[in-house]
Amino acid sequence: MNARILLWPGFAWLVLFFAVPLGIILLISLAHRAPDGMIHWGISAENYLRLLDPLYWAGPFGNSLVLAALTTIVSLLLGYPVAYAIARRSGPVKNLLLFLVILPFFTNFLVRIYAWFILLRPEGWIAWLLRALGLDLGLLGSPLGVLIGLVYGYLPFMILPLYATVERLDFSLVEAAQDLGASRWQSFWRIIFPLSRPGVIAGAVLVFIPVLGEFITPKLLGGGKVPMFGVLIEEKFLGRVPDWPLGAAMALVLMSLVLLVLARYFHQLKESRWVG
Amino acid sequence: MTLTRIYSFIALAVLGLVGLEACAGKQAPHELHLFIWANYIDPEVYRLFEQEFGVKVIEENVDSNETLILKLQAGVTGYDIITPSDYAVEALIRQGLLAELDLSKIPNFQNISQRFRGLYYDPQNRYSIPYLWGTTGIGYNAQKLESPPTSWADLFEPSRLERYKHRVSMLDDPREALGAALKYLGYSVNSTDPQQIEAAKNLLLAQKPYLARYDSETYDDFLLSGDLVMAHGWSGEFAKARLENPAIRYVIPQEGGVIWTDNLAIPKSSQKIELAHTFIDFLLRPQINARIVNFLRYPSANDAAKPYILPEILHDPSIYPPDEIPERLEWIRDVGAAVQLYERAWEEIKSR
Amino acid sequence: MGRLRRWADRIIESLLVLDTLLVYIFLYLPIGVLVLYSFSASRYALVWGGFSLDPYRRLFADPEIAPALLNSVIVAAVSTAIATILGTLLALAFERARARLQASVEALVYLPIVIPEIVMAVGLLLFFAQVLRPFFSALGLTLGPMPTVIIGHVTFSISYVMVVVRARLRDLDRSLEEAAFDLGATSWQVLRRVTLPLLAPAILSGALLAFTLSLDDFYVTYFSTTGGSGFKTLPLYLYALQGRAAIPPQMNALATLMLLASVTLIALALLIQRRTRRA
C-alpha cells in the first residue's frame, strides 16, 4: 500500500499546526531580549551559548533526567501487573477495569494536585504516620513528593499502551509452556514479556519523554525546591523576569537531545531482530 | 467507510467548525470585555453597570502580569479593560500596547488620592489609573510563633529559622524575593549593584534549606492549614485569611517592604475605548469602589470611597498601614540592564 | 522442585493481585480526598471547614459552568475523533507502508510528545495571533476560539495515538493479513476488514488517552482562545475560580460531579453492552 496516502493527512496537519509554530519558536530562540523586555529579532546564537553553562545541566536537567527515569521505572513496575490483570479478564469486567484506570483523570488536574497537597502536607495524615514510624521524610517540596505526583499523573500513559499490546497476546503459548513444565514466572519472563516489548517501549516513550519537560507537577509539588528543567523553561515565559529567547533555546535544545536519543534507539531497533 | 470518506469527514469537520465560529467570532456591540484577575470584581457590579448603561460585561481571567503581558505582546486582541500592576503598566507603555486615556471622560478620577496620582510609571496618568494598592511583607500565624516577626531577619537568619524549619515560605518571584533580601541588608529593592545583588542571592541560598516552598499562590492556604507558620506574601491575602482564622496576622518588617498598585488600563487594540472609559469611571464611583474593597480586603486608592468602606478594614493597620510606614515602602521598578543580574541570581537560587 | 515452583508461583500470583489492588487504591486516594473536601464549608482548599453543601449550591448558582462543560465535551469529542483518525493513519503509514519514510518525518511526529507544553502553547499563541487569524481576517472572516482550541488539542494528541497504535501494529501477527491478501483482497479491504479490527483495543486506548488529554488541558487551551470571547473549557473555568484569592471547594464539587457523570456514562455503556450480548 502506498505510504503517502496514509501519511498525508496527519503529516500535513502537523506541518501546518506544529512545525510552523515550532519555526516561530526557533526564530524566537535566535532573537535577543532587550533589558526592557522587548524582543529584538535577528540571528544570534547568544542564547544557545548561554546554555553552555553547567548551572542549567547539573541541577535542573540532571534532576529531570533522574525523575523521568524513576517515574518510568516505577510506573512500569506498578503498571505492568495491572495491564496484565486487565488483559486477562474478559467481557464487561475488562472494560470496566480499564475505564477505572482512567476515570480519576476525568476530574481536573488542579483539583487532584490540591488533593495531593492535603495528603502530602507536613501536618497531614501521611506525614504524621511516617513520623510515628520514625521516618522524617519531606514529601511536599522534596523529590519524593514530586515523584509521587509524576507517577500518579503518568500511570495511565504506561498502563494503556501496555494493555493494548498485552491484550492480544496469544496466551495459549503460556499454557503450552506450562504443559512443558515451565513455571508461571518463567513463562512470563521468557514468553509474555518479550512479546509485550513494543507496549513497554511505547509506555516508556509516553512517560519518560514528557516528564523530561514537565513543569507544572514539579512546580506545585516541589514548591520550587526541586530544580527541574521544565520549570526553568516555564519561568522564562511566565516568570517575573521573562526571557522568551532563552526559554525557546532551552526547549529546542531539550527537544534535540531527546530526538537524538530516540533516533539512535529506533535505528538500533530497526537493525536488530525482533522477537521470533 | 473508504479512505476518501474519512478524509472528507475530516475536511468537513474542520470547515464546519470554522464556519460555525466565523459567526461566533465577532463581538457584539454592547459588550465590554475584561481581562482581569479572578474573583476581583463582584458580579453585582456588572449587573449594576448593565442596568444603568445597557452593556453586558464579559470577564476573562488571567492570573499574573506576566501572562497578561505575554498575551498582549503576542497580539491577542479583543480586550477592553485590563488591570495591570505598576511594573506591568510600565512595560506595556514601553511596548506601545496601551491606549491613551482621555481623563475628561473620567470625572471620577478626582476621587483618586493625591498620593496615588502621577506615580513613577505613569506620571501624568495618561495610560492608567490606580485602583487598588497593597504591600508585601510577612504574614504569620500568631498562635504558632513564640513572638511575632518584626524584621526580615525572622525570615532570613538561620538561628531564628531553625525551629520553624520547613514551615516558612517565600514568594516565587525573583524581584520580590531578592527585594526582601536587599531590604534586609539595607539596600534598595531596585539596586543595580552586582555586589549587593550577589549578597542578596547568598542570603536566599542560605535560607533555601529552611523553606517549605517558594509559593505565590497557595501560601495563605498553607498558613491556614497549619503547614506554614510564616509566609512572605501580599497584604490582602493575609487579610482575607484572617477572616477565616483570626490568628493570622500581617506585618511590614522594620527594614521596610514593597508597595504596589493595581491599575485600570485599556489595551490599544480595544474597539470600545469610549465604553471602556465609561466603565472605568463607573468603577471609580465611591460606593462601587468601596464595595470592591470590602470584598477584596485591599486598600483603595480612592479617597471618596472611604466613607463606604467597612470600619474594620479602614482601621486595620495591616490593610491600611499607618502613615509613617510609606517611607519604608519601595516600588519595584525597572532596573534596565541590571535585570540580567536578577535573572541570573534567581537561576542560581532555583537551580542549586 | 515442583512444589517449590508451585509455591513460588503462588507468591508471584498474590503479589500481582496485591500490586493491582494497591495501584487502584493509589489512583483513588486523591479522588476520595477531593470528594470529601467538596463538602467543606471553608473558602480555602486545604482547610476542612465543617460539612456543608455550600460548594454545590455555589456551583449550581453559577451560570458559567454549563457553557464551560459543554465546550469541554465538544472540544474533547471533536479533537479526539480527528486525532485518533490522523494518528492511526500515521501509525499505519509507518508500519505497513512499502516505501521507506524519512527519519525527519518520524522526528516531526514524535516532537509533540517531546516539547514542553508551555512552549507549544506559546508557539500556537503566536501562530494563531500573527498568522492564522490575520489570514482569516483578510478573507473577511473571523476565526473564533473553538476551532483554534480544537486545532491545538488535535495537534498534541495525534502523536500519542500514533505511538499507542504503532506499538500494537508492530506486534501484530501478519499471517492473517497475508492470508487475506492471498485470498485476493485489496490493500484497502485488508486494512478495513483485518488490520483495523485487530487494532481496535489500541485505537480505543489511544482515543481514551487523547480524550483525557483534551479534557484536562490548560495551557494550550488558554493560549489558543481569542481575546474577549469568554470561551472557557472546564480547566479554564476552574482557573478563573482559583484566581488570586482562595481556591473554593466549588472546584472539588465540580470534579466530584464530573466523576459521577463519567461513572454514570460508563455504567450505561456497560449495561448496553450486556444487553447487546444477550441479543
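Keep in mind that what you see is a predicted model, and the values were worked out from it rather than measured.

1. Here's the deal with the overall build of chain A
- Looking only at helices and strands, chain A features 13 helices and two strands.
- Overall, the C-alpha framework of chain A stretches about 75 × 65 × 35 Å when taken along its three principal axes.
- The burial tally for chain A puts 53% of its 276 residues in the buried class.
- The long-range share in chain A, meaning contacts at least 24 apart out of those at least 6 apart in sequence, stands at 68%.

2. Details of the overall build of chain B
- The helix and strand tally for chain B stands at 14 helices and ten strands.
- Overall size of chain B, expressed as C-alpha extent along the three principal axes, is 70 × 60 × 40 Å.
- Among the 352 residues that make up chain B, the fraction classed as buried is 51%.
- Pairs at least 24 residues apart make up 74% of the contacts formed inside chain B by residues separated by at least 6 positions.

3. Overview of the domain arrangement of chain B
Residues and elements named next belong to chain B.
- The domains assigned to chain B are domain 1 (10–133 + 261–320) and domain 2 (134–259 + 327–351).
- Spacing between the C-alpha centres of domain 1 and domain 2 amounts to 28 Å.
- Each partner contributes residues to the interface: domain 1 has 13 residues there, and domain 2 has 13 residues.
- Here the element with the most residues in the side of domain 1 that touches domain 2 is helix α4 (residues 86–94); it accounts for three residues.
- Residue classes in the side of domain 1 that touches domain 2 are distributed as eight nonpolar, one polar and four charged.

4. Overview of the environment of Leu 161 of chain B
Residue and element names in this part refer to chain B.
- Tracing the backbone shows Leu 161 in helix α6 (residues 158–161).
- A tally of 21 C-beta atoms within 10 Å means that Leu 161 is categorised as buried.
- Along the sequence, Leu 161 and Leu 211 sit 50 residues apart, while their C-alpha atoms lie 8.9 Å from each other.
- Ignoring any residue separated from it by four or fewer positions in sequence, one finds Leu 161 in contact with Val 168 and Tyr 210.

5. Observations concerning the interface of chain A and chain C
- Each side of the interface is counted separately: chain A has 80 residues, and chain C has 87 residues.
- Of the residues assigned to the side of chain A that touches chain C, the class counts are 65 nonpolar, nine polar and six charged.

6. Brief notes about α4 of chain B
All names here are of chain B.
- Among the nine residues that make up α4, seven are buried, leaving the element largely enclosed by the rest of the structure.
- As for α4, its buried residues are in contact with α3 (65–74), β4 (128–141), β9 (257–265) and β10 (329–331).
- Where α4 ends, the next residue or the one after it, Gly 96, has phi of about 65 degrees, a positive value.

7. Describing the pairing of β4 of chain B
Residues and elements named next belong to chain B.
- Among the 14 residues of β4, 14 are classified as buried, and the element is accordingly described as predominantly covered.
- In this structure, β4 lies alongside β9, joined through eight bridges in antiparallel fashion. The partner of Leu 132 across the bridge, within β9, is Asp 262.
- Direction of pairing for β4 relative to strand β8 (residues 248–251): antiparallel, over a ladder of four bridges. Counterpart to Asn 141 in the pairing with β8 is Ile 248.

8. Describing unusual backbone geometry
All names here are of chain B.
- If you check the backbone angles, Asn 125 has positive phi at about 50 degrees while not being a glycine.
- Phi at Arg 297 takes a positive value of approximately 70 degrees, unusual for a residue other than glycine.
- Considering the arrangement of structural elements, one finds Arg 297 in the loop between α12 (286–296) and α13 (311–314).
- For Arg 297, a count of 24 C-beta atoms within 10 Å puts it in the buried group.

9. Things to note about the packing of helix α10 (residues 197–213) of chain A against helix α6 (residues 145–170) of chain C
- Relative to each other, α10 of chain A and α6 of chain C sit at 165 degrees, their axes nearing to 8 Å. For the element pair α10 of chain A / α6 of chain C, the angle class is roughly antiparallel. Pair α10 of chain A / α6 of chain C crosses with right-handed handedness. Between α10 of chain A and α6 of chain C, the residues in contact are Pro 198, Gly 199, Ile 201, Ala 202, Val 205 and Leu 206 of chain A and Tyr 160, Val 163, Val 164, Ala 167 and Arg 170 of chain C, respectively.
- Each residue belonging to the contact of α10 of chain A with α6 of chain C can be placed in one class, and the counts come to nine nonpolar, one polar and one charged.

10. Points about the environment of Ile 93 of chain B
Residues and elements named next belong to chain B.
- With respect to the helices and strands, the residue Ile 93 is situated in helix α4.
- Judged by the 18 C-beta atoms lying within 10 Å of it, Ile 93 is partly exposed.
- Leaving out residues up to four positions away in the same chain, Ile 93 has contacts with Leu 98, Asp 122 and Tyr 127.

11. Regarding the packing of α3 of chain B against α4 of chain B
All names here are of chain B.
- Axis separation between α3 and α4 bottoms out at 10 Å; the angle between their running directions is 15 degrees. Taken as axis vectors, α3 and α4 run roughly parallel relative to one another. As for the relative orientation of α3 and α4, their crossing is right-handed in sense. In this structure, α3 uses Asn 65, Leu 68, Ile 69 and Leu 72 to contact α4, whose residues at the interface are Ala 88, Ala 91 and Leu 92.
- Its residues assigned to classes, the contact of α3 with α4 comprises six nonpolar, one polar and no charged.

12. Re the confidence of the model for chain B
- Mean pLDDT over chain B: 90, with 93% of residues reaching 70 or higher.
- Interface predicted TM-score (ipTM) for the complex: 0.89; the corresponding pTM is 0.90.

13. Looking at α12 of chain B
Residue and element names in this part refer to chain B.
- Taken residue by residue, α12 has Ile 288, Asn 289, Ala 290, Arg 291, Ile 292, Val 293 and Leu 296 as its buried positions.
- At its buried positions, α12 is contacted by α2 (43–53), β4, α10 (235–244), α11 (273–283) and α13.
- Just downstream of α12, Arg 297 is the residue with a positive phi angle, here 70 degrees.

Conventions we followed
Residues numbered from 1 in each chain as written. Chains lettered and ligands numbered in written order. Predicted model: local features only at pLDDT ≥ 70, side-chain atom pairs only at ≥ 80, totals over all residues. Helix = DSSP H or I, 4+ residues; strand = E, 2+ residues; numbered from the N terminus. Buried ≥ 20, exposed ≤ 12 C-beta atoms within 10 Å, placed from the backbone. Contact = placed C-beta atoms within 7 Å. Domains from an automatic or database assignment. Nonpolar A, V, L, I, M, F, W, Y, C, P; charged D, E, K, R; others polar. Pairing = 2+ DSSP bridges. Axes fitted to C-alpha atoms, helices over the stretch in contact; angles between N-to-C directions. Parallel < 35°, antiparallel > 145°, perpendicular 65-115°, else oblique. Left-handed = near helix turned anticlockwise from the far one by under 90°. pLDDT = per-residue confidence, 0-100.

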